[in-house]
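Residue-level listing of the chains:
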Amino acid sequence: TALFTGMVLALQLGHALERFGAKLYVGSVVGLSLARELGPVLTALMVGGRVGAGIAAEIGSMTVTEQVDAIRSLGADPVQKLVLPRVVAGTLALPLLAGVANVLGTLGGLAIASTQFQIPGHFYLQTITRTVTVSDLLSGVSKTFVFGWIIAMVGCFVGLGASGGTVGVGRATTRAVVIASIAVLISDFFLTQALLSL
């Protein structure tokens, strides 16, 4: 996803900036877009669709087959046993995946910039390193901790609320993906606004 997003972004920006004689600065815009917004958000949407659905399906299956009730009857806390590890893993893994997405998106943009617009690779990378600051990277990465937490919490909450057998698990899985995706996009707006005001 990140690779082709970087490629499309470079292609669109290259054609737009070419009109003004500024196509050499494709790298700057691609780098900033990926670091601040597209890398974290697209990663969160992909993880929300895959991992959020997986968490909801797994915990939903345990709920409808009364395994969660069995954990409670043994005196253990299902939140501590089932929810906490998933929330911690989601919160810590998403920033790493967003970092990989940023690198792949940058490489995708590099491929298009050098082949379509004959921009030298070293110049493309140089414009990115001059434009994208540490605060830009931290702005994007800080959002991913929140996105990971949201995705895992939504998956667990919806999974624990599943009912109605296998049909209910399917509905819960779909609901988890939709809620997580919308929650990521809404929280992205408020997080961006808060980070820009700092």
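Structure report, in brief. (Residues numbered from 1 in each chain as written. Predicted model: local features only at pLDDT ≥ 70, side-chain atom pairs only at ≥ 80, totals over all residues. Heavy atoms only, no water.)

1. Remarks on the overall build of the chain
Counting its regular elements, the chain contains 7 helices and 0 strands. Overall, the chain is about 70 × 35 × 25 Å in size when its C-alpha atoms are taken along their principal axes. Burial status across the chain gives 42% buried among its 198 residues. Here the chain displays about 10,300 Å² of accessible surface, and carbon together with sulfur accounts for 71% of that area. Positive and negative charge centroids in the chain, built from 11 and 8 side chains respectively, lie 6 Å apart. (Helix = DSSP H or I, 4+ residues; strand = E, 2+ residues; numbered from the N terminus. Buried < 20%, exposed > 50% of the residue type's maximum accessible area, 1.4 Å probe, protein only. Areas by Shrake-Rupley, 256 points an atom, 1.4 Å probe, with all protein chains shown as cover. Lys, Arg positive; Asp, Glu negative; His and termini not counted. Charge placed at Lys NZ, Arg CZ, Asp CG, Glu CD.)

2. Notes on the packing of helix H1 (residues 2-18) against helix H4 (residues 78-116)
Relative placement of two packed helices is described by the angle separating their axes and the distance separating the axes. For the pair H1 and H4, the least separation of the axes is 7 Å and the interaxial angle reads 40°. By the angle between their directions, the pair H1 and H4 is classed as oblique. Here H1 runs over H4; the crossing is right-handed. On the side of H1, the interface is formed by Ala2, Leu3, Gly6, Met7, Ala10 and Leu11, while H4 contributes Ala101, Leu104, Gly105, Gly108, Gly109, Ile112 and Gln116. (Axes fitted to C-alpha atoms, helices over the stretch in contact; angles between N-to-C directions. Parallel < 35°, antiparallel > 145°, perpendicular 65-115°, else oblique. Left-handed = near helix turned anticlockwise from the far one by under 90°. Contact = heavy atoms within 4.5 Å.)

3. Details of unusual backbone geometry
Despite not being glycine, Glu66 shows a phi value in the positive range, around 65°. Here Glu66 lies in the loop between helix H2 (26-64) and helix H3 (67-73). You can call Glu66 exposed: its relative accessible area is 53%.

4. Here we look at the environment of Glu18
Structurally, the position occupied by Glu18 is in helix H1. Judged by relative accessible area, Glu18 falls into the partly exposed class, the value being 40%. A sequence separation of 163 residues divides Glu18 from Ser181, and the C-alpha atoms of the two residues are 35 Å apart. Residue contacts for Glu18: discarding those within four places in its chain leaves Lys23 and Phe117.

5. Concerning the side chain of Ser181
Structurally, Ser181 is set in helix H7 (residues 165-196). We classify Ser181 as buried; its relative accessible area is 19%. For Ser181, the side chain forms a polar contact with the main-chain oxygen of Val177, separated by 2.8 Å. (Polar contact = N/O pair within 3.5 Å; in protein donor to acceptor, adjacent residues only side chain to side chain.)

6. Examining the packing of aromatic side chains
Using the criterion set out here, one finds 2 aromatic pairs in the structure. Taking the centre distance of 6.2 Å and the plane angle of 65° together, the rings of Tyr25 and Phe123 count as edge-to-face. Here Tyr25 is found in the loop between H1 and H2, whereas its partner Phe123 is found in helix H5 (residues 121-131), with 98 residues between them in sequence. Seen from their ring centres, Phe189 and Phe190 are 5.1 Å apart, and the 75° between their planes marks the pair as edge-to-face. (Phe/Tyr/Trp six-rings, centres within 6.5 Å; stacked < 30°, edge-to-face > 60°.)

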